[in-house]
Each structure stands twice: as structure tokens, then as C-alpha cells.
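Now for the letters of each chain:
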Amino acid sequence: MDSELQIALVGAGLGAVVLIVAYNKWQERKHQHKADKAFKSDHRDVLLEPRVADDDVKGRAARTERREPGIADDDGVADGPRPVREASIIRSAPEVPELLDERTDCVIRLEAIEPLDVQRLWQAQGEQLAGLSKPVRWFGFNDAENLWFPIGPNSAGACHWFCAALQLVDRRGSIGESDFMRFSGGVQRVADMVMALPPGLPARAETLRHATEVDRFCADVDVQIGVNVVAASRPFDGSEIAKLAARHGFTLSGDGSFHALADDGSTLFTLANLEPGLFAAETLPAMATGGLTLVIDVPWVQDGVAAFDRMMRIANDFAAHFGGHVVDDNRAAFGTEAADLIRAQIRQFQGRMAENGIPAGGPLARRLFAL
């Protein structure tokens, strides 16, 4: 009896659930029908319909599907979007100035949309690049003559292209991270000040690594060779030194030494006081010294062997004139065997420089081995 009652109750419950679900479905369909009538439009939805030819709409020739501008292949079909270029900056960047070398200079180029007065840039860079440990050189590009020219405090004109170059190495060593950041950041600020296009900055780590490598090479070939002429009995008289130096074509320089000059005016070797004290025109007549030293700077001289031979002839002449001796730094006699060894070393060092594209005595070598 109880089981029949339970079955009846379960059936009644299931029937009630079915009626509720059916009623909800009927109400949903009813509201959807009302909404369709309220929002129905007689206009076509052109975003959902397929495109039709223009002659179906305006009576003209059919219009093809819209494409992005591209470079067409042989069939006239574009194979990709064409990059957009500003009409005002289609000039290509000129090469690096011949006076620079991207192996030894950190080079940044700037472009101005309108011709920029070089003095405006010169003043701006002086404010932003002060305090660097290595030389910075600026160049402007002459469009009419198609060449770079150095920019200085007296330069004039206007240019589209400019070039800044930080020398990576000199005899004090290579640039450091602070130099690189000050240079690259300073050039960026200069560009902002003169309304130039943002420059492409070199990679910091690569530039510093390259500077270290160049400095290591320069240190390996940075050689100065000297010989001494020492008095045997009496000191050398200053006036006699000046006369003999003039006879051999020396020029007294402001650094307190005599310089033997090449045809281009560069120094081949120097003649200095072996003892403390510098040579000066006003003090030489009253000066006396126990010795002289002659020094050749190998990276600065184009033909090091020829310059060394000339230096040795002069050293021997001074020794003969004053009754002295030619010796090395250990006061050992400097004979033929020692001279031959020096010649071989000069050939070796200058040969390495030539092989690495930095010929001794050339403009680049003189920059890298400057103090």
C-alpha cells in the first residue's frame, strides 16, 4: 500500500516538472517573436551580404575586391604590403667620411629634414658633449659637392646630414662605458635640440668590446726606441748643442726638445736632455748637460728603418763632436749588433700595423697613438 502511494507521488512530481519546462519554453518563444517584430528592418545589411558588382548598384564596371598597396608579381598580383615612406626623407645616408674609420671611431649620423645651420649644431654639441676622455669630431655633408667636410667653430653653411665620431682609443687607453653613454646620450640630446631625426645609436656592448680589442692591438705595437749620447769627460755645452742641432735640421719645440722633421712636417725623432730639465732658447746658452737622448716613435714614422738609420748617424756625430759615447739605457755601448736587432723589431712592428690596415705614420696611426 505504501509503495503504491510512493509511486503515485513520484509520478505526480515528474509531471509537474515537465509542465514547468514546457511553460517556460512557450514564454521564451512568445517574447522572441515580439522582439523580432519590434526590431525588424526592411534595409539590407551590407556588412553581412556578399559584395556585388558596382554595375548592380551604380551602372558602372564591376569593382574588384579592395587590396592593400603592394608590389605586384609577374601576374600583376601584389605579394605583400608595400612599406610606406615619407616623401620628405627619401634621401639615402651618405657613407662615413674618409677621415674616419668605423673600426676605430664610434660613428653616429644625424639627418635634418630642412637644411640646418652648422653653427647651431656646433653650439649644441659643445654643451652636450663636454667632458669626454677621447676626441669627438663633427662633419657636415655638402650635397652640391657630394662630400663630407669637418665642422669647427668657424664653419659656415647648412646641411641635411651630419656625422659625429668618438675616437675609441688613444695612448691613454680605450673608452669606457661612461664615455659611451655620455657620447650616445649627448648626440641624442643634440638631435632633439636641433629638431633632427632620431639617430641610430650603436650597440653599447659591441662598441666597448671592439674598443678593447683595438686598444690591445695598439699596445702591442706601441714602441719607442731611444739611444743616448753621454759625455766622457766634460759636459755638453748648451750653445754647442743648439748649433749642432740646427746643422742637422732640428727644430726646437715647445715641449722642450728638438725635433727632426720629415718633408710633410711630421716628427721623425726627437733630441732631448738626458738629465732633468727642458731645452729652451733663452736658457740653452747657460746650460750644460751630461747627456742627450734621441727617441724615435715607431707608430708615428712611415719608414721606421730609414728614420732610425738617420737618427743613429746624428747620434754618432754628436758623440764625435763632444767626445762622448752612444749607449743604451743601461749605459752599454750601442754597436752594430744592437742596431741590427732594432731594425728587425721596427720592421716587425710596422709590418703588423700595415697588415691590420693601420700603416705606421698614416693619419689613422697618428690619431690612435696621440697623447
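Asks: I'd love a proper account of the overall build of the protein chain, names of residues and values included.
Replies: Counting secondary structure elements, the protein chain contains eight helices and 16 strands. Burial status across the protein chain gives 37% buried among its 371 residues. Of the contacts formed within the protein chain by residues at least 6 apart in sequence, a portion of 68% connects residues at least 24 apart. Carbon and sulfur atoms form 54% of the exposed surface of the protein chain, whose accessible area is close to 22,900 Å².

Asks: Go over the pattern of salt bridges, please, and point to the residues and values.
Replies: For side chains of opposite charge, pairing can occur when their charged atoms come near one another. Per the stated rule, a full pass over the model turns up 13 salt bridges. Of the charged contacts in the structure, one is a salt bridge between Asp222 and Arg171, with a shortest N-O distance of 2.7 Å. Highlighted residues: Asp222 in the loop between helix H4 (204–221) and strand S9 (224–230) and Arg171 in the loop between strand S7 (169–170) and strand S8 (173–174), separated in sequence by 51 residues. Between Lys243 and Glu240 there is a salt bridge whose closest N-O contact spans 4.0 Å. With a gap of three residues between them, Lys243 and Glu240 both fall in helix H5 (residues 238–247), about one helical turn apart. The class for Lys243 is exposed, based on a relative accessible area of 53%.

Asks: Talk me through the pairing of S9; I want residue IDs and the actual numbers.
Replies: S9 sits mainly inside the fold: five of its seven residues count as buried. Pairing between S9 and strand S15 (residues 291–297): seven bridges, direction antiparallel. When the bridges of S15 are listed, Asn228 appears paired with Thr293. The sheet contact formed by S9 and strand S16 (residues 325–327) spans three bridges and is antiparallel. Directly across from Val229, in S16, lies its bridge partner Val326.

Asks: Any chance you could break down the packing of aromatic side chains for me, citing the residues and the numbers?
Replies: The relation between two aromatic rings is expressed through the spacing of the ring centres and the mutual angle of the planes. Enumeration over the complete set of coordinates arrives at five aromatic pairs. An aromatic cluster of three or more residues is present, and its members are Phe236, Phe318 and Phe322.

Asks: Please set out unusual backbone geometry residue by residue, giving values where relevant.
Replies: Positive phi values are uncommon outside glycine, yet Met195 reaches one of about 65°. Backbone geometry places Arg331, a non-glycine residue, at a positive phi of 65°. The class of Arg331 is exposed, set by a relative accessible area of 54%.

Asks: So what's going on with the environment of Phe139? Residues and values would help.
Replies: Here Phe139 lies in strand S4 (residues 136–142). For Phe139, a relative accessible area of 2% translates into the label buried. For the pair Phe139 and Cys163, spaced 24 residues apart in sequence, the C-alpha separation works out to 5.0 Å. Excluding residues that lie within four positions of it along the chain, Phe139 makes contacts with Pro97, Leu99, Leu100, Trp148, Phe149, Pro150, Ile151, Trp161, Phe162 and Cys163.

Scoring rules and cut-offs
Residues numbered from 1 in each chain as written. Predicted model: local features only at pLDDT ≥ 70, side-chain atom pairs only at ≥ 80, totals over all residues. Heavy atoms only, no water. Helix = DSSP H or I, 4+ residues; strand = E, 2+ residues; numbered from the N terminus. Buried < 20%, exposed > 50% of the residue type's maximum accessible area, 1.4 Å probe, protein only. Contact = heavy atoms within 4.5 Å. Areas by Shrake-Rupley, 256 points an atom, 1.4 Å probe, with all protein chains shown as cover. Salt bridge = Lys/Arg side-chain N within 4 Å of Asp/Glu carboxyl O. Pairing = 2+ DSSP bridges. Phe/Tyr/Trp six-rings, centres within 6.5 Å; stacked < 30°, edge-to-face > 60°.

Nothing here speaks to function; it is all geometry.
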